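One-letter residues, chain by chain:
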Protein chains: 2
Amino acid sequence: MIPYTKIEATPLNERISTLLKDAIIEGQFKAGEEISLTAIAERYGVSRTPVREAFQHLAKDGFLTLRMNKSAIVVAIDEHFFRNHYEIRSVLEAQAAYGAAASDADKSELVRIQELGEKTKLPMTLDDFRSYNMMFHRCIWRLCGNERLHQLLSDMWVSSYSSSALPEIHRQSRTLNSHRRLVNDIINHDCDAAFEHMKRHIIGSLNNILKILDEGKKEA
Amino acid sequence: MIPYTKIEATPLNERISTLLKDAIIEGQFKAGEEISLTAIAERYGVSRTPVREAFQHLAKDGFLTLRMNKSAIVVAIDEHFFRNHYEIRSVLEAQAAYGAAASDADKSELVRIQELGEKTKLPMTLDDFRSYNMMFHRCIWRLCGNERLHQLLSDMWVSSYSSSALPEIHRQSRTLNSHRRLVNDIINHDCDAAFEHMKRHIIGSLNNILKILDEGKKEA
DNA sequence: CTTTTGTTTTTTGTATACAATATACATTAA
DNA sequence: TTAATGTATATTGTATACAAAAAACAAAAG
């Protein structure tokens, strides 16, 4: 049998979702700006149907507000947004870490990912760091044994912002330390420690983002 | 000016969502059963478009699994489902309670709702209990100040199962006690207590459901 | 009989058409 | 002028039409 790689055509609604979500996070829309189905459909050269579906996904993920018979409103990606977003993410990630620590599944991949991060010379490139960070968290989501929790955290992940805010070297090493401690908690089945450490870790990310947001404000 | 009540036509996708969600929770579909867009559309006498939207909502809420170019699969509403569902709900509700306790908003409505529950003679009718219970939790969601958290918890609420499992009088009084304690925590700004108490409260609900599921299994 | 290949049927993904609601503008009355 | 009403226009909600993929089935080759 000849090996093959599955050619998967991602459905249009997903592709539009991703594009729009990134655009919103990157601030390509003004806060509170109204966007219409038809406008977006024309912009991306597709029909309104998949765009409408994408709108509903984005609304469920908290990036748009839908109004009956009216155009959608783009949520403001500001301090308030990040506070709410990370408040939720902190407890969900914490619970995932708890579940991973409680699980008897094979945890060698988590160790492997961490080793990969440890042996990379600092400062990593932005792409490398993003990739490592994402792999680390995703591995914990898998290990937690709660597929729904995995799905929720996946939907909450905002690739563009989450780590573009981590340029400095000591921040990267702080993350590595934090992750190292989590690996220990999870391997030693210390659920409560994993929960607390992960919660603090995520709140740390929030504080970092808030700091950067604040600096951005002072410049302007 | 003559007072009026807004006539709001709920969009079809929402109505279909609710109907299907209830049907799934009530076990009207077999676990793992395949359901097709066209079948459901015909069954409810609507076109495929709103049904398709409803499917995507239900998939995001964890009640269906969608496969590209194939029919959807109904998730099994079993012990595994409830464990995962309540694991998530417990931390989210706990965080909401935390936020409500931290908030400086007016909390008189929560007190009012609790008084309403306290003064009703036990055992309440199922409808009364459901209504009180829902009002109580919803009020905390509002008070927590995190609209996104509010939305997530709303989507997770499964009206049919959550309280149909509460027929006995001492269970109702246990819930009332639990709620009374939460009201105190929240009014006294005791965030950590509110978090822990709410977490335990929700896990209590889970255990109750698991017990009932177990009894049902023995009968069969 | 089993496996493979080709054809038909069904079902989904996307585009378009139509109906209902909301917005913008113009017209009229005060 | 200002407020109110009517009409035109645009946008959304829903239904239908068409294209592509999957499933079911039949026929042919081994």
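First, a word on what this report is: a plain description of the structure on this page. (Residues numbered from 1 in each chain as written. Chains lettered and ligands numbered in written order. Predicted model: local features only at pLDDT ≥ 70, side-chain atom pairs only at ≥ 80, totals over all residues. Heavy atoms only, no water.)

**Description of the overall build of chain A**
1) Next: The helix and strand inventory of chain A stands at 10 helices and three strands.
2) Next: Reading chain A from its N end, one meets helices and strands in the order α-β-α-α-β-β-α-α-α-α-α-α-α.
3) Next: If one aligns the C-alpha atoms of chain A with their principal axes, the spans along those axes are about 60 × 55 × 30 Å.
4) Next: When burial is assessed residue by residue, chain A has 46% of its 220 residues classed as buried.
5) Next: Put simply, of all contacts in chain A between residues at least 6 apart along the chain, 72% involve residues at least 24 apart.
6) Next: Entry remark: accessible area of chain A is about 11400 Å², with carbon and sulfur atoms responsible for 52%. (Helix = DSSP H or I, 4+ residues; strand = E, 2+ residues; numbered from the N terminus. Buried < 20%, exposed > 50% of the residue type's maximum accessible area, 1.4 Å probe, protein only. Contact = heavy atoms within 4.5 Å. Areas by Shrake-Rupley, 256 points an atom, 1.4 Å probe, with all protein chains shown as cover.)

**Quick look at the interface of chain B and chain A**
1) Next: With 29 residues of chain B at the interface, the matching set in chain A holds 29 residues.
2) Next: Summed over the three residues of chain B that lose the most area to chain A, namely B:Lys60, B:Ile88 and B:Arg148, the buried surface amounts to 23% of that side.
3) Next: At the boundary of chain B with chain A, the tally comes to six salt bridges.
4) Next: Between A:Asp155 and B:Lys60 there is a salt bridge, with its nearest N and O atoms 3.3 Å apart.
5) Next: Between chain B and chain A we count 28 residue pairs in polar contact (both at pLDDT 80 or more) in total. (Buried area = accessible area lost by both parts, 1.4 Å probe. Salt bridge = Lys/Arg side-chain N within 4 Å of Asp/Glu carboxyl O. Polar contact = N/O pair within 3.5 Å; in protein donor to acceptor, adjacent residues only side chain to side chain.)

**Quick word on the protein's contact with DNA strand D**
1) Next: Near DNA strand D you find 17 residues, and of these A:Ser36, A:Arg48, A:Arg52, B:Leu12 and B:Ser47 are the closest.
2) Next: Taking the atoms of DNA strand D that fall within 4 Å of the protein, sugar and phosphate contribute 68% of them.
3) Next: Here a base nitrogen of DNA strand D and a side-chain polar atom of A:Arg48 are 3.0 Å apart.
4) Next: For DNA strand D, a phosphate oxygen lies 2.8 Å from a polar atom in the backbone of B:Leu12.
5) Next: Those elements that place two or more of their residues in the surface near DNA strand D are α2 (37–44) and α3 (48–60) of chain A together with α3 (48–60) of chain B.
6) Next: The greatest single-element share of the surface near DNA strand D, amounting to three residues, is contributed by α3(B).
7) Next: Along the lines of polarity and charge, the residues of the surface near DNA strand D split into five nonpolar, seven polar and five charged. (Near = heavy atom within 4 Å. Nonpolar A, V, L, I, M, F, W, Y, C, P; charged D, E, K, R; others polar.)

**A few points about the protein's contact with DNA strand C**
1) Next: Not every one of the 17 residues close to DNA strand C is listed here, only the nearest: A:Leu12, A:Ser47, B:Ser36, B:Arg48 and B:Arg52.
2) Next: Per the 4 Å cut-off to the protein, sugar and phosphate atoms form 67% of the nearby atoms of DNA strand C.
3) Next: Take A:Ser47: an N or O atom from its main chain is 2.7 Å from a phosphate oxygen of DNA strand C.
4) Next: One nitrogen or oxygen atom from the side chain of A:Asn69 is found 3.4 Å from a sugar or linking oxygen belonging to DNA strand C.
5) Next: Those elements that place two or more of their residues in the surface near DNA strand C are α3 of chain A together with α2 (37–44) and α3 of chain B.
6) Next: For the surface near DNA strand C, the element with the most residues is α3(A), which contributes three residues.
7) Next: In terms of residue class, the surface near DNA strand C is built from five nonpolar, seven polar and five charged.

**Comments concerning empty space enclosed by the protein**
1) Next: Evaluation of the coordinates by the stated rule reveals two cavities of 30 Å³ or more.
2) Next: Counting only elements with at least two residues in the lining of the largest cavity, the list comes to α7 (147–156) of chain A together with α7 (147–156) of chain B.
3) Next: Partitioning the lining of the largest cavity into residue classes produces four nonpolar, no polar and eight charged.
4) Next: Taken as a whole, the second largest cavity spans an internal volume of roughly 40 Å³. (1 Å grid on protein atoms, 1.4 Å probe; cavity = no way out; pocket = protein on both sides within 12 Å on 5 of 7 lines; lining within 4 Å. Points joined across faces, edges and corners; volume = space filled by probe spheres on them.)

**Some points on the relation of the copies chain B and chain A**
1) Next: Rotating chain B by 180° about the axis while translating it 0.0 Å along that axis superimposes it on chain A, leaving an RMSD of 0.1 Å. On the angle and the small slide along the axis, the relation comes out as a two-fold axis.
2) Next: Of the interface residues in chain B, 100% have counterparts in chain A that sit at the interface too, so the contact is made through matching surfaces. (Least-squares fit on C-alpha atoms with pLDDT ≥ 70 in both.)

**Overview of the packing of helix α5 (residues 108–119) of chain B against helix α6 (residues 126–143) of chain B**
If you want to describe how two helices pack, look at the angle between their axes and the distance between the axes.
All names here are of chain B.
1) Next: Running from N to C, α5 and α6 cross one another at 165°; their axes reach a closest spacing of 10 Å. Regarding the angle of α5 to α6, the classification is roughly antiparallel. In this structure, α5 crosses over α6, and the sense of that crossing is left-handed. For the pair formed by α5 and α6, the contact residues are Glu109, Leu110, Ile113, Gln114 and Gly117 on the first element and Tyr132, Met135, Phe136, Cys139, Ile140, Arg142 and Leu143 on the second.
2) Next: A breakdown of the residues in the contact of α5 with α6 according to their chemical character gives eight nonpolar, two polar and two charged. (Axes fitted to C-alpha atoms, helices over the stretch in contact; angles between N-to-C directions. Parallel < 35°, antiparallel > 145°, perpendicular 65-115°, else oblique. Left-handed = near helix turned anticlockwise from the far one by under 90°.)

**A word on the sheet that holds strand β1 (residues 34–35) of chain A**
Residue and element names in this part refer to chain A.
1) Next: Here three strands make up an open sheet; going across it, the order is β1-β3-β2 and the pairing antiparallel. Single-partner strands in this sheet number two, and they are β1 and β2 (64–65).
2) Next: The sheet contact formed by β2 and strand β3 (residues 72–74) spans two bridges and is antiparallel. If you follow Thr65 over to β3, its bridge partner there is Ile73. (Pairing = 2+ DSSP bridges.)

**A look at unusual backbone geometry**
Most peptide bonds adopt trans geometry, and most residues besides glycine take a negative phi value.
1) Next: For the bond running from A:Leu122 to A:Pro123, omega is -5°, close enough to zero to count as cis.
2) Next: At B:His189, a residue that is not glycine, the phi angle is positive and equals roughly 60°.
3) Next: The topology assignment puts B:His189 in the loop between α9 (169–187) and α10 (191–219).

**Some words on the environment of B:Ala96**
Residue and element names in this part refer to chain B.
1) Next: Looking at the element boundaries, Ala96 is found in helix α4 (residues 79–102).
2) Next: For the pair Ala96 and Asp185, spaced 89 residues apart in the sequence, the C-alpha separation amounts to 13 Å.
3) Next: Beyond its immediate chain neighbours, meaning those up to four positions away, Ala96 contacts Ile140, Trp141, Cys144, Leu149 and Leu153.

**A few points about the pattern of salt bridges**
1) Next: What the rule picks out here adds up to 18 salt bridges over all chains.
2) Next: Put simply, A:Glu53 and B:Arg52 hold a salt bridge, and the shortest N to O gap is 2.6 Å. Placement of the pair is A:Glu53 in helix α3 and B:Arg52 in helix α3, with the two residues belonging to separate chains.
3) Next: Notably, a salt bridge pairs B:Glu109 with B:Arg112, separated by 3.9 Å at the nearest N-O pair. Residue B:Glu109 and its partner B:Arg112 are both found in helix α5; the two are separated by three residues, about one turn of the helix.
4) Next: The class for B:Arg112 is partly exposed, based on a relative accessible area of 46%.

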